[in-house]
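# Examination of the molecular architecture
For reference, the chains in residue letters:
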Amino acid sequence: MSVSRIIRHLLQHHWRRRLAFPPATLAKIEQAINAGEATHAAQLRFVVEGALDGAPLFRNQPARERALDVFSQLRIWDTAQNNGVLIYLLLADRDVEIVADRGINAKVGDEGWERICREMEADFRAGDFERGVIRGVEAVSRELAKHFPKVSGGPNELPDTPVVI
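Conventions we followed
Residues numbered from 1 in each chain as written. Predicted model: local features only at pLDDT ≥ 70, side-chain atom pairs only at ≥ 80, totals over all residues. Heavy atoms only, no water. Salt bridge = Lys/Arg side-chain N within 4 Å of Asp/Glu carboxyl O. Buried < 20%, exposed > 50% of the residue type's maximum accessible area, 1.4 Å probe, protein only. Core = buried A, V, L, I, M, F, W, Y, C linked by side-chain atoms within 4.5 Å. Helix = DSSP H or I, 4+ residues; strand = E, 2+ residues; numbered from the N terminus. Contact = heavy atoms within 4.5 Å. Axes fitted to C-alpha atoms, helices over the stretch in contact; angles between N-to-C directions. Parallel < 35°, antiparallel > 145°, perpendicular 65-115°, else oblique. Left-handed = near helix turned anticlockwise from the far one by under 90°. Nonpolar A, V, L, I, M, F, W, Y, C, P; charged D, E, K, R; others polar. Phe/Tyr/Trp six-rings, centres within 6.5 Å; stacked < 30°, edge-to-face > 60°.

Oppositely charged side chains can form a pair if their charged atoms are brought close together. Applying the stated criterion to the full structure yields 13 salt bridges. Here arginine 75 and aspartate 78 are joined by a salt bridge, their closest N and O atoms 2.7 Å apart. Ionic pairing is found between arginine 102 and aspartate 101, a salt bridge with its closest N-O pair at 3.7 Å. You can call aspartate 101 buried: its relative accessible area is 5%. Overlapping salt bridges bring together Arg115, Glu119, Glu143 and Lys146 as one network.

Here it is as C-alpha cells:
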C-alpha cells in the first residue's frame, strides 16, 4: 500500500472534482456521448470518481479493478449486443480506464483502448479535462461506429449523462 496514494486520495476534495468537471463541462460530455451514439448502435458511459475512500482505498484497489466494479454496478454489461463501453476516470490518480463488453472488446482489443486512454491522460496532465474526455468519447465512438454502425433508431439502453462519484 502506497502512503502517498492514500494521502493523495484523502486530500482529493469534492471541490477539486467540481473544478475539473463543472456542470457546463458535464453537459458538453453528455452532448458528445449523445452525438457519438447517433453514429453507432453501442452504449457508452462516462464516470468520474474524485478519489477512493474506505475499503477500496486501504485495499489499494487499482483504477482498473475499480472501473470493472463500476462497469458491473452500472450494468453496462447488460446491453442487447454486448457492446457497452465505460470510460472511467479516477481523478486523484489521473488514471483513465476503458472497460468494454465482450462484443466490442473482441473487435478493438486492449491495445486500441489503451491508446485512447493515453491520449486522454496527456490532456489531463495539461489540465484540460474537458478536452481529454470529449476527445476520448469521440475516439471510442469512432471505434464503435466502425464495428457497430447505426442501422436504425434503436433504443438508448443506457443514460448518456455522466456519472460523478
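The next thing to look at is the nonpolar core. Counting residues in hydrophobic clusters, the biggest one holds 32 residues, and the most contacted among them are Phe21, Phe46, Val85, Ile87, Leu89, Trp113 and Val140. Elements that contribute at least two residues to this core include exactly helix H3 (23–37), strand E1 (43–49), strand E2 (84–90), strand E3 (95–100), helix H6 (102–125) and helix H7 (129–147). Apart from the residues within four sequence positions on either side, phenylalanine 21 is in contact with Leu26, Ile29, Phe46, Val48, Leu89, Leu91, Phe129 and Val133. Counting residues in hydrophobic clusters, the runner-up holds 15 residues, among them Leu57, Ile76, Leu90 and Val99.

Following both chains from N to C, one finds H6 and H7 inclined at 165°, their axes separated by 9 Å at the closest point. Considered as vectors, H6 and H7 are oriented roughly antiparallel to each other. The chirality of how H6 crosses H7 is right-handed. Across the interface between the two elements, Ile104, Lys107, Val108, Trp113, Arg115, Ile116, Met120, Asp123 and Phe124 from H6 touch Phe129, Arg131, Gly132, Val133, Arg135, Gly136, Ala139, Val140, Glu143, Leu144 and His147 from H7. Residue composition of the contact of H6 with H7, by class: 11 nonpolar, three polar and six charged.

Take the packing of aromatic side chains next. Scanning the model with the defined rule gives three aromatic pairs in all. Seen from their ring centres, phenylalanine 21 and phenylalanine 129 are 5.8 Å apart, and the 55° between their planes marks the pair as tilted. Placement of the pair is phenylalanine 21 in the loop between helix H2 (14–20) and H3 and phenylalanine 129 in helix H7, with a sequence separation of 108 residues. Since its relative accessible area comes to 8%, phenylalanine 129 is described here as buried. In this structure an aromatic cluster arises from ring pairing among Phe21, Phe46, Phe124 and Phe129.

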